[in-house]
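Notes for the structure review
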Amino acid sequence: MAIEIDDHQQPSVELSKVAVSETHGEDSPYFAGWKAYDEDPYHELNNPLGVIQMGLAENQVSFDLLEEYLEKHSEASSWGKGASGFRENALFQDYHGLKSFRKAMASFMEQIRGGRVKFDPERIVLTAGATAANELLTFILADPSDALLVPTPYYPGFDRDLRWRTGVKIVPIHCESSNNFQITPEALEAAYSNAEAMNIKVRGVLITNPSNPLGATIQRSVLEEIFDFVTRKNIHLVSDEIYSGSVFSPTEFVSVAEILEARKFKDSERVHIVYSLSKDLGLPGFRVGTIYSYNDKVVTTARRMSSFTLISSQTQHLLASMLSNKAFTENYIKINRERLRKRYEMIIEGLRSAGIECLKGNAGLFCWMNLSPLLDEPTREGELALWNSMLHEVKLNISPGSSCHCSEPGWFRVCFANMSELTLQVALKRIHIFMEQLRSSTLASNQDYSGCRFLVLQVARQPI
Amino acid sequence: MRQLSTKATCNSHGQDSSYFLGWQEYEKNPYDEVRNPKGIIQMGLAENQLSFDLLESWLTENPDAAGFKRGGESIFRELALFQDYHGLPDFKKALVEFMAETRGNKVSFNPNHLVLTAGATSANETLMFCLAEAGEAFLLPTPYYPGFDRDLKWRTGVEIVPIHCTSSNDFQITESALEEAYQEAHKRNLRVKGVLVTNPSNPLGTTMSRSELNLLINFITAKNIHLISDEIYSGTVFRSPGFVSVMEVLKDRNCDNTQVWNRVHIVYSLSKDLGLPGFRVGAIYSNDEMVVAAATKMSSFGLVSSQTQYLLSALLSDKKFTKNYLSENQKRLEQRHKMLVRGLRKAGISCLESNAGLFCWVDMRHLLRSNTFDAEMDLWKKIVYAVGLNISPGHSCHCAEPGWFRVCFANMSEKTLNLAMQRLKAFVVDSTAKLNNHHSSKNSKRKSSPKWVFRLLSRDCHRDRESDER
């Protein structure tokens, strides 16, 4: 019996709407910059005129400390002589995660916060990176077409991570340079009302603290206000604290966990913290993220959902060893902080001497640079034109504020920890020359930047 | 309003089913040769523990692979930073070559069409997100892996409509079963986007025949839908007939680069063949570039650790090792399979004739007090509590006929397997004796229910349990 051709079906079988949508966001300039870099990457010897990557928030300043640890502790990357070590590890796929690793992670998170809070390893849920953690929390806290409120400017990846497969919306909490982009109660209320006006149900607020792209910690008083706000509205609060170990001074970071402890955990079941080792330890390739929730149901559900995104047991084993070594972690946290601070001071000074101001920052792997005075027109188009020139003429890939949904044009995120000091200096030199050219009268009044390239690259040939 | 999403509060994670219950009981009272010889023996876990020694000796001989070194030089930094969702090129190359090897090199795969995911669990869910909308359906032949209810449906909102297979033809897929399933979906107002099969089958342990594969290809061509072939057990085929991948059949039919070619997608993983479920290594293979592109971006939510990619790229690039591993592993699986079948036969129990997998599909219909799923559940409870074996009841696999159970054989030592068989035999003998006594003394007083019945009635177990084992 032949199988009948079905008349009811459409002629071609499409993929899902999710698959063909553009919510993955990869057509934005944020990613276009990477492309340009990939096609012409800077190399000190082999390609000194190439594009310097300053759009990648990676921490490359402390690898020596990690490598030294591994040299001294081969047991972390092997399984010992006994037969059971490898077997047990290879078979371990329990979504609770390796207990020793969860304990080490909890203790590491406590150390980063100067021991001011305690974390219970039983509340730690492991995921393959913070990317997965944020998406997972969104699946758990919101239904499709609900919204999360997110302060601008924010990490471009959130557009994909929070919205793509979940169907959840982002409603921005607009922040402005007039008060250093801090979140205000008015802005929170405005965002909430905005959502209401669009008939969208708000399920929570998601903040990044320290902030990406601002490179600054959120002040204690602001955190209190945010917490009061979510309590009043009876919604959730997700605090993405993946840069918490990258605060330049040990005392300037206040975690939402501290606010909760001070309030004796009243109303804490609405709070969830996201963490990862991608920034503080510089290990994005290992895919290590966590959700710490004060809500039992969220912990249980997140744990089950983590089946879709478990951390390799081989990697858990490695990091359990490393992070339970308190001498190592204390030393690492301290030195990493100092090195990042030094880099930050180097770039700020370099930019300042070129006549460029940045937002006062105290954390992260980047600074938030203000180029609004240079804009042809104070619009997104003006910003993109400038960005384009930075990319193609000055050969620096930096991230335009519009890709971070900044409400004011002219701000750019510039990374400083993903290259050597030498390369950073080359980048600063190029910016210097560029700014000099702009100020000098050799440029046409319509601010045609294309003449800069020749000069910038001339300079690049000279020794620093 | 502070409550959680619908997804968080529903039961689609499936963890309240009997499949997971058995595990919970096992966890409370696990067998240990020395410390707990009367405990429950875990036979519900489809793990391959037979060939670790081969992996361990390779690791000892090749310390660079786990030590972040290449040719003695440290590549730690490079790996630590590598988060490109296209995956480590060397690893993808080694993986596709391994996949070809397990298919007797009758097909070859292009590494650019392979997407790496954190396990097949992630691969299957990702494919659902790519191929179907919430409220659409995929057809799955029964019995099927219980985890699919969670993996395919939970966060995606996709529905599963069963293709009922029966023992009358050894649970093979038939044209009429396919059509019936399709019509059933239509009746439920569900648009069918594809068929998902597991080949070799879990829980049957059999490979699909060429005629079944041809049937499937005809069906998806006619209905203009997708076919996902989950081939995670492809390296566990230990006897003839050998493994025939759907790709091979497509090639034989000269379907390369036709429309249907683009609608067939393979899922793979190293959790079963290599026994590495902890390392979370899964993959999607598709000939459709759009699917590859979308799945690649989605894999951001579940990338494979670069540390692990590097280790396995070294392992799988060693062709001497892979050749030896595959053949040795198959030999050991065959031997274990024989042991289980023999042991069952001694207990008067037969199973579906099988040639693959880490388990047998066991026929206990003759031990049911009635041909019902209630009776199957009663029997299952007896076997868990009184006999002390955690096996998986067919109902949890959506089997259409009561009385079938999946029994794993590769996740324990030979000694333990023997003990399990002895216990089973004793139970059957005892049950048969009781049954005979009952029949021969029709006028005897009714016996009081054995103690275990009362124990079973309190099912207050809510301990969570990892559920990625198949």
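Residues numbered from 1 in each chain as written. Chains lettered and ligands numbered in written order. Predicted model: local features only at pLDDT ≥ 70, side-chain atom pairs only at ≥ 80, totals over all residues. Heavy atoms only, no water.

Before going further, it helps to spend a moment on the overall build of chain A. Assigned secondary structure in chain A consists of 16 helices and 13 strands. The buried share of chain A, taken over its 464 residues, is 62%. The contacts in chain A between residues at least 6 apart in sequence include a share of 75% that link residues at least 24 apart. Per element, the accessible surface of chain A, about 17,400 Å² overall, is 51% carbon and sulfur. (Helix = DSSP H or I, 4+ residues; strand = E, 2+ residues; numbered from the N terminus. Buried < 20%, exposed > 50% of the residue type's maximum accessible area, 1.4 Å probe, protein only. Contact = heavy atoms within 4.5 Å. Areas by Shrake-Rupley, 256 points an atom, 1.4 Å probe, with all protein chains shown as cover.)

Counting secondary structure elements, chain B contains 17 helices and 15 strands. Principal-axis analysis of the C-alpha atoms places the extent of chain B at approximately 75 × 55 × 55 Å. Considering chain B as a whole, with its 470 residues, one finds that 63% of them fall into the buried category. Put simply, of all contacts in chain B between residues at least 6 apart along the chain, 76% involve residues at least 24 apart. Side chains of chain B give 57 positive and 52 negative charges; the mean places of these two sets differ by 7 Å. (Lys, Arg positive; Asp, Glu negative; His and termini not counted. Charge placed at Lys NZ, Arg CZ, Asp CG, Glu CD.)

Residues and elements named next belong to chain A. Evaluated as defined, the whole model comprises 49 salt bridges over all chains. A salt bridge links Asp-146 to Arg-203; the nearest nitrogen and oxygen atoms lie 2.7 Å apart. Taken together, the positions of Asp-146 in the loop between α6 (130–141) and β3 (147–151) and Arg-203 in strand β5 (residues 202–208) put the pair 57 residues apart, joining distant regions of the chain. Exposure class is identical for Asp-146 and Arg-203. Each is buried. With its nearest N and O atoms 2.6 Å apart, the salt bridge here joins Glu-224 to Arg-263. Taken as a pair, Glu-224 in helix α9 (residues 220–233) and Arg-263 in the loop between α10 (256–262) and β7 (271–276) lie far apart in primary sequence, 39 residues in all. Look at the salt bridges and you will find they share partners, linking Arg-220, Glu-224, Asp-228 and Arg-263 into a network. (Salt bridge = Lys/Arg side-chain N within 4 Å of Asp/Glu carboxyl O.)

On to the interface of chain B and chain A. On the side of chain A, 88 residues touch chain B, which itself brings 87 residues to the contact. Summed over both partners, the interface of chain B with chain A buries about 8,000 Å², with 57% contributed by carbon and sulfur atoms. Where chain B touches chain A, the interface holds one salt bridge. Linking Lys-69 of chain B and Glu-71 of chain A is a salt bridge whose minimum nitrogen-to-oxygen distance equals 3.9 Å. The element contributing the most residues to the side of chain B that touches chain A is helix α7 (residues 119–131) of chain B, with seven residues. (Buried area = accessible area lost by both parts, 1.4 Å probe.)

All names here are of chain B. On the surface, Arg-342, Arg-345, Lys-346 and Lys-425 cluster together to form a positively charged patch. By residue number, the principal contributor to the positive patch is helix α14 (residues 319–346), which donates three residues. Considering the arrangement of structural elements, one finds Lys-425 in helix α16 (residues 414–440). Given a relative accessible area of 37%, Lys-425 falls into the partly exposed group. (Patch = residues over 30% accessible without salt bridge, like charges linked within 9 Å, V, L, I, M, F, W, Y side chains within 5 Å.)

A few words on the packing of aromatic side chains. Tallying each qualifying case throughout the model produces 35 aromatic pairs over all chains. Relative to Trp-368 of chain A, the ring of Phe-181 of chain A has its centre 6.2 Å away and its plane inclined at 80°; by these criteria the two rings are edge-to-face. One end of the pair, Phe-181 of chain A, is in the loop between β4 (169–173) and α8 (185–197); the other, Trp-368 of chain A, is in strand β10 (residues 366–370), with 187 residues separating them in the sequence. Here Phe-181 of chain A matches Trp-368 of chain A in class, with each residue buried. Relative to Phe-76 of chain B, the ring of Phe-286 of chain A lies with its centre 6.1 Å away and its plane at 80°, an arrangement referred to as edge-to-face. Of this pair, Phe-286 of chain A sits in the loop between β7 and β8 (289–293) while Phe-76 of chain B sits in helix α5 (residues 76–81), placing the two residues on different chains. (Phe/Tyr/Trp six-rings, centres within 6.5 Å; stacked < 30°, edge-to-face > 60°.)

Here the focus is the sheet that holds strand β10 (residues 282–286) of chain B. Residue and element names in this part refer to chain B. Across the sheet, seven strands lie side by side as β4-β10-β9-β8-β7-β5-β6; this open sheet has mixed pairing. The open sheet has two edge strands with one neighbour each: β4 (114–117) and β6 (159–163). Across the sheet, the axes of successive neighbouring strands diverge by a mean angle of 25°, strand direction being ignored. Looking at chain direction, strand β9 (residues 264–269) and β10 are connected through five bridges and run antiparallel. Bridge assignment links His-265 to a residue of β10, and that residue is Ser-286. In the packing of helix α9 (residues 175–187) onto the sheet, contacts are made with β5 (137–141), β6 and β7 (192–198), and the angle to β6 comes to roughly 145°. (Pairing = 2+ DSSP bridges. Axes fitted to C-alpha atoms, helices over the stretch in contact; angles between N-to-C directions.)

Spanning 19 residues, helix α15 (residues 421–439) of chain A covers 27 Å between terminal C-alpha atoms, matching the ideal 27 Å at 1.5 Å per step. Residues of α15 of chain A that are buried: Thr-423, Leu-424, Val-426, Ala-427, Leu-428, Arg-430, Ile-431, Ile-433, Phe-434, Met-435, Gln-437 and Leu-438 of chain A. (Expected span 1.5 Å × (residues − 1).)

For the rest of this paragraph, the subject is the sheet that holds β10 of chain A. Residue and element names in this part refer to chain A. Strand order in this open sheet of four strands is β9-β10-β13-β12, and the pairing throughout is antiparallel. Strands at the two margins of the open sheet, each flanked by one partner only, are β9 (357–358) and β12 (399–400). Relative to strand β13 (residues 411–415), β10 runs antiparallel, the two sharing five bridges. Within β13, the residue paired with Phe-366 across the bridge is Cys-415. Lying over the sheet, helix α13 (residues 326–353) contacts β9, β10 and β13, oriented at roughly 15° with respect to β10.

A word on the state of the cysteines. A complete count under the given rule lists zero disulfides over all chains for this structure. Here Cys-415 of chain A stays free of any disulfide, with the sulfur of Cys-367 of chain A as its closest cysteine sulfur at 8.5 Å. Sulfur of Cys-360 of chain B: no disulfide; nearest cysteine sulfur belongs to Cys-351 of chain B and is 4.2 Å away. (Disulfide = S-S within 2.5 Å.)

Let us now look at helix α11 (residues 296–305) of chain A. Residues and elements named next belong to chain A. With respect to burial, α11 is a largely interior element, seven of its 10 residues being buried. All of the buried residues in α11 are Val-298, Val-299, Thr-301, Ala-302, Arg-303, Arg-304 and Met-305. The residue sitting at the N-terminus of α11 and contributing the capping side-chain oxygen is Asn-295; that oxygen lies 2.9 Å from the backbone nitrogen of Lys-297. (Polar contact = N/O pair within 3.5 Å; in protein donor to acceptor, adjacent residues only side chain to side chain.)

Summarising the model, chain B shows a mean pLDDT of 91, and 90% of its residues fall at 70 or more. Our summary of model confidence lists the complex with pTM equal to 0.92 and ipTM equal to 0.91. (pLDDT = per-residue confidence, 0-100.)

Helix-helix packing is characterised by the crossing angle of the two axes and by the distance between the axes. Residue and element names in this part refer to chain A. One way to put it is that helix α5 (residues 99–112) packs onto helix α12 (residues 313–323) with a least axis distance of 8 Å and a crossing angle of 45°. Comparing the axis directions of α5 and α12 gives the class oblique. Relative to α12, α5 is oriented so that their crossing is left-handed. On α12, the residues touching Ser-100, Phe-101, Ala-104, Met-105, Ser-107 and Phe-108 of α5 are Gln-316, Leu-319, Ala-320 and Leu-323. In terms of residue class, the contact of α5 with α12 is made up of seven nonpolar, three polar and no charged. (Parallel < 35°, antiparallel > 145°, perpendicular 65-115°, else oblique. Left-handed = near helix turned anticlockwise from the far one by under 90°. Nonpolar A, V, L, I, M, F, W, Y, C, P; charged D, E, K, R; others polar.)

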